[in-house]
Amino acid sequence: MERGCCRQNLLFFCTGASVLLGVGFGLAARTLELSADTIAIVQFPGEVFMRLLKLMILPLVVASLISALAQMDVKNSSLMGVVTSIYYLVTVFLATLLGIFLVLAIHPGDPKLSSGQHTFEAHKISAMDTILDLIRNMFPDNIVQASFERTRTVHRMTLVTRANESVEEITKEVAEQRGINILGRTRISTYSRVQRARYIKSIGVTGIIAFCIGFGVVMSYYADKVRVLVDFFVGLDMVIMRLMLSVMWFAPFGITSLICGSLLELEDVWTVAGAMTKYIVTVLIGVFAHSFVTIPALYVLVTKKNPLMVFRAMLQGGVAALGTSSS
């Protein structure tokens, strides 16, 4: 029993051990004063691993969602599509609120914010902007563009210059008597906050998921007429899952390379570690609170079942998501 459990979770244990190995090798190799070319070679396997993971994200989401929904009957497919959409929106919404709360409470990025010294460029984080961006990204204006860009609201300070209107009405004659140039009135410069939605380089997962759900539901409605298309996505899902499993077995080596190379690049490890402590603590608190409090509570609330069995099956996927900063 124990041997079977260890064999089943071998990849999970190897991935966890690779983090410790990366830290150990990185700290030990710092004493060798390696050249920049050597450090680049050390980092190269990790870079390849990250590129492979990012390469697989989009095909995996598209193939798995469409193939799963297309094979159901119309009623179940529609219900599953609605449930999937609601589940994704609720979990992302709760994660967004948790992230905003932690950032406002801890201020991991700028130490001036926690001490009350607000800089001019800093702007207050708006929960409304985050929620609106989430909904806005559900409806991309270009599905191809959504595969590599998403929308995010940004605030910029714009210099606005206006004329200083005098309360006293000055006629042309009075102005000439007083020697005042009407056209040369004093101008006042003020700063105005401008809110705009911009595209940033990141996969618009929300829009792609919404599109795939709709596509899969409609395919299930025309299942007999588009059988070739359904078989294509089912086969694509099988191939992508096999490729993803092969890539994940490269994870221990890639993660070790990434961590070791990152430690070798730093000039002063302990100074950077001290500066990054609040950021790391904030991220870890958010990840563990969302993974072990929010999602289990939501699962128990909806299904009235024990979530432990589900989380056992999610271990490897959770590690992969944490390592790639993916939801």
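Refer to the preceding data block for the structure.
Residues numbered from 1 in each chain as written. Predicted model: local features only at pLDDT ≥ 70, side-chain atom pairs only at ≥ 80, totals over all residues. Heavy atoms only, no water.

## With respect to the pattern of salt bridges
Basically, it comes down to this: Whenever a carboxyl oxygen of Asp or Glu lies within 4 Å of a side-chain nitrogen of Lys or Arg, that contact is scored as a salt bridge. Helix and strand assignments come from DSSP, with helices taken as H or I runs of at least 4 residues and strands as E runs of at least 2, each series counted from the N terminus. For each residue, the accessible area found with a 1.4 Å probe, counting protein chains only, is set against the maximum for its type, and the residue is called buried under 20%, exposed over 50%, and partly exposed in between.
Applying the stated criterion to the full structure yields 1 salt bridge. Linking Arg 136 and Asp 133 is a salt bridge whose minimum nitrogen-to-oxygen distance equals 2.4 Å. In this pair, Arg 136 and Asp 133 both sit in helix 6 (residues 127–137), 3 residues apart, roughly one turn of the helix. A residue is classified by how much of its surface remains accessible, and Arg 136, at 34% relative accessible area, is partly exposed.

## What to know about the nonpolar core
Worth spelling out the cut-off: Grouping buried Ala, Val, Leu, Ile, Met, Phe, Trp, Tyr and Cys residues that are joined through side-chain atoms within 4.5 Å yields what is termed a nonpolar core. Whether two residues are in contact is decided by their heavy atoms, any of which lying within 4.5 Å being enough.
Counting 16 residues, the largest nonpolar core has Ile 66, Ile 209, Cys 212, Ile 213 and Met 219 as the members making the most contacts within it. Broken down by secondary-structure element, the contributors of at least two residues to this core are helix 3 (36–70), helix 4 (74–106), helix 8 (205–221) and helix 9 (227–248). In terms of residue count, the dominant contributor to this core is helix 8 (6 residues). Leaving out residues up to four positions away in the same chain, Ile 209 has contacts with Val 61, Leu 65 and Tyr 88.

## Observations regarding the side chain of Gln 43
For Gln 43, the position within the fold is in helix 3. Since its relative accessible area comes to 19%, Gln 43 is described here as buried. The residues touching Gln 43, leaving out its near neighbours within four places in the chain, are Ser 257, Gly 261, Ser 262 and Glu 265.

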